[in-house]
Amino acid sequence: MNDLPRSRAVFKTSQLEEAAGEGHNPTANPTMGEIIAARFSRRGFLQGSMAATAISATVTPMAMLAASDAKAQSTGSFDFTEVEAGVDADHHVAEGYDADILLRWGDPIFADAPAFDPENQTPEAQARQFGYNNDFVGYIPFDGSSEHGLLVVNHEYTNEHLMFPGIVTVSEGEATVAPADQNRVDVEMAAHGGSIVEIRKVDGKWQPVLDGQLNRRITASTPMEITGPAAGHDRMKTSADATGTQVLGTINNCAGGVTPWGTYILAEENFHGYFQGTLPEGHAEAANYERYGVPGESYEWGNFHSRFDLAQEPNEPNRFGWIVEVDVSDPNSTPKKRTALGRFKHEGAESIVAPDGRVVFYLGDDERFDYVYKFVTAGTFNPDDRAANMDLLDEGTLYVARFEESGAVEWMPLTFGEGPLTEENGFASQADVMIETRRAADLLGATPMDRPEDIEPNGTNGRVYVMLTNNTRREEANAANPRVDNAFGHIVEIAEEGGDFAATTGTWEILVQCGDPSIAEVGATFSTETTTNGWFGMPDNCAVDTEGRLWVSTDGNSPSDTGRTDGLWAMETEGDLRGTSKLFYRVPIGAEMCGPCPTEDLTTFFVAVQHPADGGEDWEEFGRVSYYEDLSTRWPDFDDAMPVRPAVVAITKQGGGRIG
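Everything quoted here is computed from the prediction, not taken from an experiment.

Some details on the overall build of the chain
Part 1 of the reasoning: Scanning the chain for helices and strands turns up 10 helices and 34 strands.
Part 2 of the reasoning: Expressed as a percentage of its 660 residues, the buried residues of the chain come to 61%.
Part 3 of the reasoning: Counting only contacts in the chain whose residues sit at least 6 apart along the sequence, the fraction spanning at least 24 positions is 67%.

Brief notes about the sheet that holds strand β11 (residues 223-227)
Part 1 of the reasoning: Across the sheet, six strands lie side by side as β12-β11-β16-β15-β14-β13; this open sheet has mixed pairing. Both outer strands of the open sheet, β12 (246-248) and β13 (253-258), are each paired with one neighbouring strand and no more. The average angle at which neighbouring strand axes cross in this sheet is 35 degrees, direction not considered.
Part 2 of the reasoning: Of the pairings in the sheet, the one linking strand β14 (residues 264-268) to strand β15 (residues 323-326) comprises four bridges and is antiparallel in character. Paired with Ala267 across the strands is Ile323, a residue of β15.

Describing the pairing of strand β4 (residues 134-141)
Part 1 of the reasoning: In terms of burial, β4 is a largely internal element, seven of the eight residues being buried.
Part 2 of the reasoning: By the bridge criterion, six bridges tie β4 to strand β5 (residues 148-155) in an arrangement that is antiparallel. What sits directly across from Ile140, in β5, is Leu150.
Part 3 of the reasoning: In textbook terms, the turn of a hairpin is the stretch between consecutive antiparallel strands, and for β4 and β5 this stretch comprises six residues, one of which, Asp143, has a positive phi near 50 degrees.

Thoughts on the packing of aromatic side chains
Part 1 of the reasoning: For the coordinates displayed, the defined rule picks out 28 aromatic pairs.
Part 2 of the reasoning: When the centroid spacing of 5.8 Å and the interplanar angle of 75 degrees are considered together, the rings of Tyr139 and Trp206 count as edge-to-face. Of the two residues, Tyr139 sits in strand β4 while Trp206 sits in strand β9 (residues 205-208), which places them 67 residues apart along the sequence.
Part 3 of the reasoning: Their ring planes at 55 degrees and their centres at 5.3 Å tell us that Tyr299 and Trp301 sit as a pair that is tilted.

What to know about helix α10 (residues 437-444)
Part 1 of the reasoning: The buried fraction of α10 amounts to six of the eight residues, a majority that puts the element mostly inside the structure.
Part 2 of the reasoning: Of the positions making up α10, those classed as buried are Thr437, Arg438, Ala440, Ala441, Asp442 and Leu444.
Part 3 of the reasoning: Gly445 lies just past α10 and shows a positive phi near 80 degrees.

What about the layout of surface pockets?
Part 1 of the reasoning: Its boundaries defined by the atoms lining it, the largest pocket holds a volume of some 970 Å³.
Part 2 of the reasoning: Forming the walls of the largest pocket are 36 residues, and the residues nearest its centre are Val258, Glu456, Val544, Thr546 and Pro598.
Part 3 of the reasoning: Within the residue set of the lining of the largest pocket, elements represented by two or more residues are β4, β13, β17 (346-353), β24 (452-458), β28 (539-544) and β32 (592-598).
Part 4 of the reasoning: A total of six residues in the lining of the largest pocket trace back to one element, the largest contributor, which is β4.

With respect to the confidence of the model for the chain
Part 1 of the reasoning: Averaged over the chain, the pLDDT score is 91; the fraction of residues at 70 or greater is 88%.
Part 2 of the reasoning: Long-range and interchain partners of residues 477-482, a stretch whose pLDDT sits below 50, account for 22 contacts in this model, where long-range means more than four residues apart.

Section: the side chain of Glu367
Part 1 of the reasoning: Here Glu367 is to be found in the loop between β18 (358-365) and β19 (368-370).
Part 2 of the reasoning: Looking at Glu367, its side chain comes within polar contact range of the side chain of Arg438, at 2.8 Å.

What to know about the sheet that holds strand β27 (residues 505-513)
Part 1 of the reasoning: Read across the sheet, nine strands follow the order β17-β18-β20-β21-β22-β27-β26-β25-β24 without closing on themselves; strand pairing throughout is antiparallel. Looking at strand neighbours, the two that pair on one side only are β17 and β24, the edges of this open sheet. Looking at each pair of strands side by side, their axes are set apart by 30 degrees on average, direction ignored.
Part 2 of the reasoning: Two strands pair when backbone bridges link them, and β24 and strand β25 (residues 463-468) are joined in this way by five bridges, in the antiparallel orientation. Residue pairing for β25: Pro452 is matched across the bridge by Leu468.
Part 3 of the reasoning: Taken strand by strand, α10 contacts β18, β20 (372-380), β21 (396-403) and β22 (408-413), and its axis lies near 50 degrees from that of β21.

Brief notes about helix α7 (residues 182-191)
For an α-helix, 3.6 residues make a turn, and residues three or four places apart therefore share a direction.
Part 1 of the reasoning: Burial of α7 is extensive: seven of the 10 residues sit out of reach of the surface.
Part 2 of the reasoning: Looking only at α7, the buried set comprises Arg184, Val185, Val187, Glu188, Met189, Ala190 and Ala191.
Part 3 of the reasoning: Remark: Gly193 follows α7 within two positions and exhibits a positive phi of approximately 100 degrees.

Notes on the pattern of salt bridges
Part 1 of the reasoning: This structure, assessed with the given rule, holds 44 salt bridges.
Part 2 of the reasoning: Of the charged contacts in the structure, one is a salt bridge between Glu316 and Arg319, with a shortest N-O distance of 3.1 Å. Across the pair, Arg319 and Glu316 agree in class, each one buried.
Part 3 of the reasoning: A salt bridge links Arg402 to Glu410, with the nearest nitrogen and oxygen atoms 2.9 Å apart.
Part 4 of the reasoning: If you follow the salt bridges from partner to partner, you end up with Arg291, Lys345, Asp365, Glu367, Asp370, Arg438 and Asp442 in one network.

Structural notes on the environment of Ala487
Part 1 of the reasoning: In this fold, Ala487 is placed in the loop between β25 and β26 (490-496).
Part 2 of the reasoning: Residues Ala487 and Asn470, 17 residues apart in the sequence, show an inter-C-alpha distance of 5.2 Å.
Part 3 of the reasoning: Dropping the residues within four chain positions of it, Ala487 is found in contact with Asn470, Thr472 and Met538.

Some details on the environment of Ala191
Part 1 of the reasoning: With respect to the element layout, Ala191 can be found in helix α7.
Part 2 of the reasoning: Along the primary structure Ala191 and Glu156 are separated by 35 residues, whereas in three dimensions their C-alpha atoms are 8.8 Å apart.

Focus: the side chain of Asp327
Part 1 of the reasoning: Of note, Asp327 is situated in the loop between β15 and β16 (336-338).
Part 2 of the reasoning: Engagement of the side chain of Asp327 in a polar contact is seen with the side chain of Arg386, the distance being 2.9 Å.

Focus on unusual backbone geometry
Part 1 of the reasoning: Geometrically, the link from Val294 to Pro295 is a cis peptide bond, its omega value of 0 degrees lying close to zero.
Part 2 of the reasoning: Its place among the elements puts Pro295 in the loop between α8 (286-292) and β15.
Part 3 of the reasoning: Residue Pro636 is bonded to the preceding Trp635 through a cis peptide linkage, with omega at 0 degrees.
Part 4 of the reasoning: Relative to the assigned elements, Pro636 resides in the loop between β33 (604-610) and β34 (647-653).
Part 5 of the reasoning: In this model, Asp143 sits at a positive phi of 50 degrees, which is unusual for a non-glycine residue.
Part 6 of the reasoning: When you line up the elements, Asp143 lands in the loop between β4 and β5.
Part 7 of the reasoning: For Asp143, a relative accessible area of 84% gives the class exposed.
Part 8 of the reasoning: Positive phi values are uncommon outside glycine, yet Phe638 reaches one of about 50 degrees.
Part 9 of the reasoning: Looking at the secondary structure, you find Phe638 in the loop between β33 and β34.
Part 10 of the reasoning: Taking relative accessible area as the criterion, Phe638 reaches 42% and is therefore assigned partly exposed.

Rules used throughout
Residues numbered from 1 in each chain as written. Predicted model: local features only at pLDDT ≥ 70, side-chain atom pairs only at ≥ 80, totals over all residues. Heavy atoms only, no water. Helix = DSSP H or I, 4+ residues; strand = E, 2+ residues; numbered from the N terminus. Buried < 20%, exposed > 50% of the residue type's maximum accessible area, 1.4 Å probe, protein only. Contact = heavy atoms within 4.5 Å. Pairing = 2+ DSSP bridges. Axes fitted to C-alpha atoms, helices over the stretch in contact; angles between N-to-C directions. Phe/Tyr/Trp six-rings, centres within 6.5 Å; stacked < 30°, edge-to-face > 60°. 1 Å grid on protein atoms, 1.4 Å probe; cavity = no way out; pocket = protein on both sides within 12 Å on 5 of 7 lines; lining within 4 Å. Points joined across faces, edges and corners; volume = space filled by probe spheres on them. pLDDT = per-residue confidence, 0-100. Polar contact = N/O pair within 3.5 Å; in protein donor to acceptor, adjacent residues only side chain to side chain. Salt bridge = Lys/Arg side-chain N within 4 Å of Asp/Glu carboxyl O.

See below:
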């Protein structure tokens, strides 16, 4: 057992994510910024030396048109009164809408679950209550209903300084967290994973059905099966699992997805932070783990559970970083880690059925200088036989993207025996390729991106939207991205060849470069119809509704960075107003905007607010570290007896009707 320091500093979530995204890509593959610069320099767009002028050259002709006077006469896809951007302790939604709290951390999700008692938390209670830091939200309707179904929610990670009383000490403005004990660690493990909860609309308002027969909590200790090419491989075996096919739990589930056959996808993202200790001298996994940043040592779990200590279980990290599929129709089913979709810091797994019936999943690897992927199933989707689809994710082809200077995108297969993915380069099987997906993609010459997060296919217009949150490690400026560090991110739009999502070629453009467009050196490219409330930075999650409209949520806006909190923006992608965004909903101080999930009839928008009150130092009205006893907000209860609580919010239109 490795001892951790007796106390640790309190970190804001933004600082933890900054550390988690240091960038472990050792290749010299051309970055997206370099490719953008080369592409448009070749086209002759980049005339003169003004950076703000140069960056506008990355915008498509349609987006350039959107900046003209003609768009003033256009009618957009969205019709609502915009929220005013800003910072305060509460959430805010567009005029004429209600934003109701549906489920909060600690709420019972079973009829016999104990009431939330924040001063006396136990892992047993937490395992029957709604988990912490709700990120991905999905809705699986019963019989196509937009008023009765299952809500599936990921619980990404825990903020101990906001969760537990009496563990933070503040001295001269510096805060430290006391070392964890067994109970605290086990509560955190129970607060991870996912929740599956039956919900129903009653008199126009959503509520959980606590006696729902399909309600379920998935945690960091839930038994799971490992399937696909890496199942049973020696690199997946541990002292507790000699078969390499059984693993306990899932962790750091960020974005996710719902499959066309109605299963729930949890994506394992920053798994590296849960491991501590040192590998035995000369261990074969050393280079593999370095590429993933293992051990990250953000948690103390290894002090109480040996599987998180590399010295005791050196193969355990290979059992995380996968896509997990859960059959929600059976609360006793065993979740499956589908290794055919690769191992990396997964941000989401949104899917769409291709014209030939194969199913395509788009996958981002959320780290600076890492890659965009897609998985195409070998089998085809059968809409009339759910059982026939249940193992589609075990066979197929994983591809990684290379963005060419010409504006083309090539999807390169990560297939053992093809190209450099051979024994000469250390791959003995497809299992090795999947376990070391990042290294395989390095060798193929994939394009390093600026933190690829959510990726959403749009079945209405045939395009794919890639959220690139930021890259503050960028050291070289270029004409198309004049910031030394890309602090505000951008959105890439892909058009697959022939409108076929299973195609291996396509084209790409920049939809919008984010940040404050009133500051020329920032180089933002929102259309000029975007108001001072409508621009944003750090795009993260997104959703395409049934009308084909794009909604973007953010992670990283703050009083000091942008003068606003995170929120949900409606983004125009077509016509003269392309590149225009409007603020629909914003979150309290310190929170990240997650989800988002519209119902099929667009009468409800489910959104997730995670880690509210995580920070306060840079908010003028608070101006100090925020922790359990002294919080920058007590949203959503605003009760001195309750801590701040991450929550899922149901947004509906007053009097009924479609949103936006």
